[in-house]
Amino acid sequence: MSRLSIAILFAAATGGAAGAQQAQPATVAKPTLIKNATVLTVTKGKLENTDLLLQNGKIAQIGKNLSAPAGATVIDATGKYVMPGIIDPHSHTMIDAVNEGSLSVTSMVRVRDVLNPTDINIYRQLAGGVTTINVLHGSANTIGGQNAVVKLKWGRDVPEMLFPGAMPGIKFALGENVTQKNGQTAAQAQGRALRYPATRMGQEEVLRDAFTRARDYKASWDDYNAKVKAGDKTAVAPERDLELEPLVEVLEGKRFVHAHSYRADEMLMLLNVAKEFGFTVKTLQHGLEGYKIASEIAQAGTGLSTFADEWSYKVEAYDAIPYNTAILMHHGVVATVNSDSDERARRLNIDAAKMMRYGGLTEDEALKTITYNGAVQLGVQNRVGSIEIGKDADVVIWSGDPLSVYSSAETTFIDGEVFFDVKKDAAMRDQMAKERAALEAADRGRRPVIP
């Protein structure tokens with residue numbers, strides 16, 4: 001067996017090679033007909049008194065007076081709203097390890113290896129209407145680990161939660177989280193060596209060095225494959241490098257770059273390095289000063305995912321403004337609002353509403369920042385992010401307009417299956433309270449047993 005064949009088999013076994021995420025086949029849900037709702041399609045406007053048929057995990061029909069197929073569950077949604085499931089483009093939910101910060105480049109590590117499917121925040125975010133998250137490595141080093149795009153199928157194992165077909169990605173990070181200036185100064189005072197890079201110019205060198213090595217590694221494999229194709233049986237395959245393989249995928253356009261960044265100068269630096277090596281940065285994550293270079297970001301074909309109104313929590317966040325998202329969108333940038341937080345993720349609908357207050361986005365534009373635009377940033381816009389026939393049945397029934405603080409998610413579907421229902425949740429809470437009371441009553445008066 002040739003070394004190339006061995007490498008291919010090893011890659012298939014480990015899932016480390018380029019290619020979209022693979023997931024286990026999903027459970028096929030029974031059909032559901034949602035009737036008389038106000039449907040916020042996001043891409044095709046608002047539809048009043050409209051029915052929605054979810055069948056075989058897809059949005060099968062949209063219209064008025066639809067008939068329920070045999071065996072369908074029928075939900076009267078009169079007075080309620082239906083919108084696509086919310087997409088959070090920057091999440092650390094489910095991960096048991098955040099940073100592999102021991103090296104400047106840790107492109108070989110994978111978030112999917114540390115996903116915890118029992119994280120209670122999955123359920124809580126379903127209750128906030130979230131259905132898909134982009135789980136990212138931390139921001140301790142310049143080139144971090146590989147991401148995982150996940151559908152929040154509470155109660156299922158990790159392979160079934162991975163979003164099938166999602167483009168793989170990798171997390172980069174710039175700025176203070178990488179330089180760790182305060183921590184490194186304290187370490188130096190104690191006689192310990194500085195961790196490289198300790199400055200922004202060091203971060204740029206790390207990027208340029210890594211992609212120079214990746215480009216050379218790619219050339220060596222291209223040369224080997226050309227010899228094999230020409231029938232050269234003496235060709236010797238290069239040694240496999242798990243650090244450089246993901247970066248070669250970036251160069252080949254097979255892996256997205258999602259880059260933590262705050263300041264305009266460091267974002268421009270990364271865009272220039274990417275241009276030098278011939279790849280596109282898919283998203284600038286946070287990008288609080290993106291509004292200063294909106295034209296340059298648009299010209300680079302890069303998206304940006306930011307906070308709604310978080311600023312001044314550290315020095316590099318001083319120039320953040322709540323108008324960032326609107327300014328970027330007016331320049332043609334695909335912009336989103338993210339949570340970066342287990343708590344904020346449950347209120348992204350309110351963060352979207354703020355975009356109408358700060359910058360005057362329309363209702364559809366505001367909703368796009370938490371739905372369709374996120375799907376574009378993850379390369380899954382043909383599957384989710386809007387309510388259209390043929391798309392995945394990832395939809396949410398809201399008690400009222402989801403852009404109102406008085407509304408809440410009542411039922412959350414993923415692939416047509418219910419993963420959160422507010423009535424079942426209330427019943428479950430009652431049952432748990434009764435169980436607790438029974439256990440406490442049975443235990444009352446007993447002396448503790450000491451083994």
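Structure shown above.
My aim in this report is to walk through the structure given alongside it, one point at a time. (Residues numbered from 1 in each chain as written. Predicted model: local features only at pLDDT ≥ 70, side-chain atom pairs only at ≥ 80, totals over all residues. Heavy atoms only, no water.)

### A few points about a nonpolar patch on the surface
Residues Leu103, Met108 and Leu242 make up a contiguous nonpolar surface patch of about 250 Å² in total accessible area. For Leu103, the location among the structural elements is in the loop between strand 6 (86–91) and helix 2 (120–126). On the basis of relative accessibility, which here comes to 46%, the residue Leu103 falls in the partly exposed class. (Patch = residues over 30% accessible without salt bridge, like charges linked within 9 Å, V, L, I, M, F, W, Y side chains within 5 Å. Areas by Shrake-Rupley, 256 points an atom, 1.4 Å probe, with all protein chains shown as cover. Salt bridge = Lys/Arg side-chain N within 4 Å of Asp/Glu carboxyl O. Helix = DSSP H or I, 4+ residues; strand = E, 2+ residues; numbered from the N terminus. Buried < 20%, exposed > 50% of the residue type's maximum accessible area, 1.4 Å probe, protein only.)

### Some words on empty space enclosed by the protein
For the structure shown, the criterion picks out two cavities of 30 Å³ or more. Taken as a whole, the largest cavity spans an internal volume of roughly 50 Å³. In this structure, the second largest cavity encloses a volume near 30 Å³. In terms of lining, the second largest cavity is formed by Pro84, Gly85, Thr131, Arg383, Val384, Gly385, Ser386, Asp392 and Asp394. Here the lining of the second largest cavity is composed, by residue class, of two nonpolar, four polar and three charged. (1 Å grid on protein atoms, 1.4 Å probe; cavity = no way out; pocket = protein on both sides within 12 Å on 5 of 7 lines; lining within 4 Å. Points joined across faces, edges and corners; volume = space filled by probe spheres on them. Nonpolar A, V, L, I, M, F, W, Y, C, P; charged D, E, K, R; others polar.)

### Details of the pattern of salt bridges
Pairing of side chains with opposite charge becomes possible as their charged atoms draw close. Taken as a whole and assessed by the stated rule, the structure comprises 33 salt bridges. We note a salt bridge from Lys80 to Glu410, for which the minimum N-O separation is 3.2 Å. Of the two residues, Lys80 is situated in the loop between strand 4 (73–76) and strand 5 (81–84) and Glu410 in strand 16 (residues 409–414); the sequence distance between them amounts to 330 residues. Exposure remark for Lys80: the relative accessible area of 23% places this residue in the partly exposed category. Lys227 serves as the salt-bridge partner of Asp223, at 3.4 Å between the closest nitrogen and oxygen. Of this pair, Asp223 and Lys227 are both found in helix 6 (residues 200–229), four residues apart, which corresponds to roughly one turn of the helix. Judged by its relative accessible area of 37%, Lys227 falls in the partly exposed class.

### Structural notes on helix 11 (residues 348–357)
Those residues of helix 11 that fall on the buried side of the exposure criterion are Leu348, Asn349, Asp351, Ala352, Ala353 and Met355. Contact partners of the buried residues in helix 11: strand 6, helix 10 (324–330), strand 14 (335–337), helix 12 (363–368) and strand 15 (395–398). Positive phi shows up at Gly359, right after helix 11, with a value of about 115°. (Contact = heavy atoms within 4.5 Å.)

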